[in-house]
Amino acid sequence: MSIEVLNESGHPLDVKQLAALSRFVMDEMRVHPLAELCIKAVDEATIATLNEQWMEKEGPTDVLAFPMDELRPGLVNEEPEEGVLGDLVLCPDVAAKQAGTAGHSTEAEIELLTVHGILHLLGYDHAEPEEHREMFGLQDELLAQWRAR
């Protein structure tokens, strides 16, 4: 897997740990081993511009997912599709604020946002209650497995 992590946020970020988490999630979701992912950490102004440009929403957000080849999770006994998973844009400053509200570390929030973003890249959504349960349940399960390692 090709996982590139770029930190342009001005916030300290463990890029090796983020790449390892991403690789773990992609492996668990049976994404093709040659799939590509790019994660970019940016400041609030940059993510606010992207949020307005692409999502038509004002202000900064925590994570944006830009799928490329519309890859989906692989199935057991089926060869996964090769391609570019997509790009994630994270905002550590927004993550830090959310972490304080949630009562956990900024690192834990960034991990959560990374898993959340990868699931979006794989076609998961949370607009409807059933989708929300499925996506957040899977997100919690992946994070628990990652942290138990």
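Before reading on, note that the structure itself is shown above.
Residues numbered from 1 in each chain as written. Predicted model: local features only at pLDDT ≥ 70, side-chain atom pairs only at ≥ 80, totals over all residues. Heavy atoms only, no water.

(A) Seen up close, the pattern of salt bridges. According to the stated counting rule, one finds three salt bridges in the structure shown. A salt bridge links E8 to K40; the shortest N-O distance between them is 3.8 Å. Here E8, found in the loop between β1 (2–7) and α1 (15–28), pairs with K40, found in strand β2 (residues 36–41); they are 32 residues apart in sequence, far enough to count as distant. In this structure E8 comes out as partly exposed when scored by relative accessible area, which is 48%. When the shortest N-O distance is used, the salt bridge between K97 and E44 registers 3.1 Å. Of the two residues, K97 sits in helix α3 (residues 92–102) while E44 sits in helix α2 (residues 44–55), which places them 53 residues apart along the sequence. K97 sits in the exposed class, given a relative accessible area of 52%. (Salt bridge = Lys/Arg side-chain N within 4 Å of Asp/Glu carboxyl O. Helix = DSSP H or I, 4+ residues; strand = E, 2+ residues; numbered from the N terminus. Buried < 20%, exposed > 50% of the residue type's maximum accessible area, 1.4 Å probe, protein only.)

(B) Region of interest: the packing of aromatic side chains. The tally for this structure, following the rule as stated, stands at two aromatic pairs. Between F24 and W146, the aromatic rings sit 5.6 Å apart at their centres with planes inclined by 50°, giving tilted as the arrangement. Within this pair, whereas F24 is found in helix α1, its partner W146 is found in helix α5 (residues 129–148), the two being separated by 122 residues in sequence. Of the two residues examined, F24 and W146, each falls in the buried class. With centroids separated by 5.9 Å and ring planes inclined at 75°, the aromatic side chains of W54 and F66 adopt a geometry described as edge-to-face. Remark: F66 occurs in strand β3 (residues 63–67) and W54 occurs in helix α2; sequence separation between them is twelve residues. (Phe/Tyr/Trp six-rings, centres within 6.5 Å; stacked < 30°, edge-to-face > 60°.)

(C) Quick look at the sheet that holds β2. Ordered by their spatial adjacency, four strands build an open sheet running β1-β2-β4-β3, and the pairing between neighbours is mixed. Of all the strands in the sheet, the pair left with one neighbour each is β1 and β3. Each strand of the sheet is rotated relative to its neighbour by a mean of 10°, with strand direction disregarded. Pairing between β3 and strand β4 (residues 84–90): five bridges, direction antiparallel. Across the sheet, V63 pairs through a bridge with L90, a residue of β4. Where α1 meets the sheet, it contacts β1, β2 and β4, and its direction lies at approximately 145° from that of β1. (Pairing = 2+ DSSP bridges. Axes fitted to C-alpha atoms, helices over the stretch in contact; angles between N-to-C directions. Contact = heavy atoms within 4.5 Å.)

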